[in-house]
Every structure is written in structure tokens, then in C-alpha cells.
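Examining the three-dimensional arrangement
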Amino acid sequence: MSDQRSAVSIQEMFKAFDCAWRDRYGVRYVGFGPKHGAQAKALRASWHEMTIQDFQHAARRYLSDNDPYLVARRHPFDLLCASNRINQYRVASTPAVDHGVGFLAALKDRRQSR
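The text that follows walks through the structure, step by step, so that each part is easy to find.

1. Some remarks on the environment of N66
Tracing the backbone shows N66 in the loop between α3 (52–64) and α4 (68–73). The contacts of N66, once residues within four sequence positions are left out, are R24 and V71. Polar contacts involving the side chain of N66 include one to the side chain of R24, which spans 2.9 Å.

2. Structural notes on the side chain of H75
One can find H75 in the loop between α4 and α5 (77–81). A distance of 3.4 Å separates a polar atom in the side chain of H75 from the backbone oxygen of Y62.

3. A few points about the side chain of R85
As for its placement among the helices and strands, R85 is situated in helix α6 (residues 83–89). A relative accessible area of 13% places R85 in the buried class. Those residues in contact with R85 that sit more than four places away from it in its chain are D67, Y69, L70, L79 and L80.

Basis of the calculations
Residues numbered from 1 in each chain as written. Predicted model: local features only at pLDDT ≥ 70, side-chain atom pairs only at ≥ 80, totals over all residues. Heavy atoms only, no water. Helix = DSSP H or I, 4+ residues; strand = E, 2+ residues; numbered from the N terminus. Contact = heavy atoms within 4.5 Å. Polar contact = N/O pair within 3.5 Å; in protein donor to acceptor, adjacent residues only side chain to side chain. Buried < 20%, exposed > 50% of the residue type's maximum accessible area, 1.4 Å probe, protein only.

Pasting the structure below:
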């Protein structure tokens, strides 16, 4: 295993997030500070073998999420770094969620047809 997988810098993470944020909102993300550096370090430490590509993909998935809570807050960096959020965006899709929605829709259809 190469050391490249764990060598993602905080500045690279900020740059990747800023790029994804600009794609969504059309302007640069302003406000990276010490709090965000600590959050990025904690995320990097907990996400073993993270590459910059992994983080870029997660940031893009996060910023494409139209959850009203995130949209109202304009997708802040700290919510991406929250452990209950980052796991949602580390993978391209979450089959369990997709199946759950399908299951609920099928159940609703079944109840209405009675």
C-alpha cells in the first residue's frame, strides 16, 4: 500500500471542497479557519486510506444533496465533516436507502389498491 493514500493535506481538502462549492454556488467558499482545519484533520484521521479523489467525490456528492437543511445553510464544510454525514457521501449510492424508498412506495401502492 502506498503512502500516497494517507498523504492528503488539509489544504488539498479545502481546495477540493472550494472547487465543488463553487460549482454549486458560483462563488468561492469563504471562511476556512482553525475550526475547519481541526475538523478536516479529524476526518482525515478517521477515514483511513483516504485519497484526494475520495474526498473530492464525497464533497461533490455532499454538495449535490438537495436536503433542505443543507440547502438552507448553503452546505457548510463542518456538516460534511460530521461523522453522521460523511458516511453518506463516501459511497456513490446507498442501496439500503434506495430499497427502503422503493419498499415504502410499494407498500403505499398496495394499501391504496385495497
